[in-house]
Amino acid sequence: MTTALSDFDRWVLRPAPRTAPLLRLICVPYAGGGTAAFQGWSDLLPDTVEPWFLRLPGREARFREEPRTDVPVLVKEAAAVLGPALGGPYALFGHSLGALIAFELARELRRSHGKEPVHLTVSARSAPHLALRHAVVHQLPDDLLLEALDRRFNAIPPAIRDDPQMRALYLPVLRADVTLLETYVHTPAAPLPCPVTAYGGEDDPEFGPGELEGWEQHTASAYRLRVFPGGHFFLNSCRAELVTDITGDLHAATIP
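Residues numbered from 1 in each chain as written. Predicted model: local features only at pLDDT ≥ 70, side-chain atom pairs only at ≥ 80, totals over all residues. Heavy atoms only, no water.

Trainee: Outline the side chain of Ser-96, listing residues and values.
Mentor: Position of Ser-96 relative to the elements: it lies in the loop between β4 (90-95) and α4 (97-113). Setting aside residues up to four positions removed in sequence, Ser-96 forms contacts with Tyr-30, Ser-123, Ala-124, Arg-125 and His-232. (Helix = DSSP H or I, 4+ residues; strand = E, 2+ residues; numbered from the N terminus. Contact = heavy atoms within 4.5 Å.)

Trainee: Break down helix α9 (residues 239-254) for me, citing the residues and quoting the values.
Mentor: Along an α-helix, residues three or four apart share an orientation, since each turn contains 3.6 residues. Along its 16 residues, α9 runs 22 Å from first to last C-alpha, staying within 8% of the 22 Å computed at 1.5 Å per residue. Along α9, the residues that are buried comprise Leu-242, Val-243, Asp-245, Ile-246, Thr-247, Asp-249 and Leu-250. (Expected span 1.5 Å × (residues − 1). Buried < 20%, exposed > 50% of the residue type's maximum accessible area, 1.4 Å probe, protein only.)

Trainee: I'd like a description of the side chain of Arg-125, backed by residues and values.
Mentor: Structurally, the position occupied by Arg-125 is in the loop between β5 (119-123) and α5 (142-153). Not counting residues within four places of it along the chain, the set of residues in contact with Arg-125 comprises Ser-96, Leu-97, Ala-99, Leu-100, Leu-181, Glu-206, Leu-212 and Trp-215.

Trainee: Account for the pairing of strand β3 (residues 49-54), with residues named and values stated.
Mentor: Burial within β3 is extensive, with six of its six residues counted as buried. With two bridges connecting them, strand β1 (residues 12-13) and β3 associate as antiparallel partners. Looking at the pairing, Val-12 lines up with Leu-54 of β3. Here strand β2 (residues 23-28) pairs with β3 via five bridges, running parallel. Looking at β3, one finds that Leu-23 is bridged to Val-49. (Pairing = 2+ DSSP bridges.)

Trainee: Outline the pattern of salt bridges, listing residues and values.
Mentor: Under the counting rule described, the total for this entry stands at 20 salt bridges. Residue Arg-107 is joined to Glu-104 by a salt bridge in which the shortest nitrogen-to-oxygen separation is 3.0 Å. Remark: Glu-104 and Arg-107 occur in helix α4; sequence separation between them is three residues, near one turn of the helix. Note that Asp-142 and Arg-175 form a salt bridge whose closest N and O atoms lie 2.7 Å from each other. With Asp-142 in helix α5 and Arg-175 in helix α7 (residues 164-182), the pair connects residues that are 33 residues apart, well separated along the chain. Via salt bridges that share partners, Arg-224, Arg-226, Glu-241, Asp-245 and Asp-249 belong to a single interconnected network. (Salt bridge = Lys/Arg side-chain N within 4 Å of Asp/Glu carboxyl O.)

Trainee: Got a sec to walk through unusual backbone geometry? Specific residues and values, please.
Mentor: The residue Ser-96 is not glycine, and still its phi comes out positive at about 60°. Owing to a relative accessible area of 6%, Ser-96 belongs among the buried residues under this scheme. Positive phi values are uncommon outside glycine, yet Ala-124 reaches one of about 60°. Mapped onto the elements of the fold, Ala-124 is located in the loop between β5 and α5. Exposure remark for Ala-124: the relative accessible area of 0% places this residue in the buried category.

Trainee: Requested: an account of the nonpolar core, with residues and values cited.
Mentor: In terms of nonpolar packing, the biggest core is built from 39 residues, with Leu-82, Leu-105 and Leu-120 touching the most fellow members. It is α4 that contributes the most residues to this core, nine residues altogether. Beyond its immediate chain neighbours, meaning those up to four positions away, Leu-105 contacts Ile-26, Leu-54, Val-75, Ala-78, Ala-79, Leu-82 and Leu-92. In terms of nonpolar packing, the next biggest core, distinct from the first, is built from 22 residues, Phe-53, Ala-91, Phe-93 and Ala-124 among them. (Core = buried A, V, L, I, M, F, W, Y, C linked by side-chain atoms within 4.5 Å.)

Trainee: Could you give me a rundown of the layout of surface pockets, with the residues and numbers involved?
Mentor: Of the pockets and cavities examined, the largest pocket occupies roughly 740 Å³. Around the largest pocket, the lining is made up of 38 residues, and of these Ala-31, Gly-32, Gly-33, Tyr-170 and Val-173 lie nearest the centre. With 10 residues, the single largest contributor to the lining of the largest pocket is α7. Classifying every residue of the lining of the largest pocket gives 23 nonpolar, six polar and nine charged. (1 Å grid on protein atoms, 1.4 Å probe; cavity = no way out; pocket = protein on both sides within 12 Å on 5 of 7 lines; lining within 4 Å. Points joined across faces, edges and corners; volume = space filled by probe spheres on them. Nonpolar A, V, L, I, M, F, W, Y, C, P; charged D, E, K, R; others polar.)

Trainee: Please give an account of the environment of Ala-20 that cites residues and values.
Mentor: In this fold, Ala-20 is placed in the loop between β1 and β2. The spacing of Ala-20 and Val-73 is 53 residues in sequence and 32 Å in space, taken between C-alpha atoms.

Trainee: Tell me what's going on with the state of the cysteines, and back it up with residues and numbers.
Mentor: Summed over the entire model, instances satisfying the criterion amount to zero disulfides. Of all cysteine sulfurs, the one in Cys-194 lies closest to Cys-27, which takes part in no disulfide; the gap is 15 Å. Taking relative accessible area as the criterion, Cys-27 reaches 0% and is therefore assigned buried. (Disulfide = S-S within 2.5 Å.)

Trainee: Before we move on, can you summarise the packing of α4 against α7 with the specific residues and values?
Mentor: Packing of α4 against α7 brings their axes to within 10 Å, and their N-to-C directions diverge by 60°. Here α4 lies oblique to α7, going by the angle between them. Between α4 and α7 the crossing geometry is left-handed. Of α7, the residues touching α4 (which contributes Leu-97, Leu-100 and Ile-101) are Asp-177, Leu-180 and Leu-181. Here the contact of α4 with α7 is built from residues that sort into five nonpolar, no polar and one charged. (Axes fitted to C-alpha atoms, helices over the stretch in contact; angles between N-to-C directions. Parallel < 35°, antiparallel > 145°, perpendicular 65-115°, else oblique. Left-handed = near helix turned anticlockwise from the far one by under 90°.)

Listed below in structure tokens is the structure:
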């Protein structure tokens, strides 16, 4: 008999609970992705950092749930569970769409629970107040949606395009995630008091000059930008180097 997951376990995968972590790192995946996006991170992070991988509706252990299509709704639901569970310092990392969700989640945790992150790391996403550079595609028919996304990211597996069963499982989540991004409306608020680090891939077509730098206006503290070799999914090809860099920021955030 399958045991139902608690609300916390529905939202968070803790692959490597730490005995006495100094902080938790909440990691938010990219569009269409799940906790597998962070495979290997637990082994690369120090024992002082406990990774929490955000489980979004519609995928993996939550595949029977409807994926969300509204950013404010999604972050309110996540914050309602995460807020009471965060008993100490925390930081956030998000890649692509995950960067936008991580940013809004930080603001919602501040607003609804009075809990500020000690660091925010955003990756492969232009600053949230900037307009989208690409045409809106979330309402396109299935084939055209997949074609448009594959042209931009070169990351749609042939099995998704060619296997009807795989498409039926994957496409609703991908479409919902693209809807999250394309219907997002930025609401101005006070900058976060924590430092912000932005990462990009030097060959990523998703942003242009100044779009990563735009994140600087969302922090009242330090801002840092680093560009890695590779395209939009440099977090896979540069995994160890990326996690090492994040660890440096988190170490600095935990020093009194």
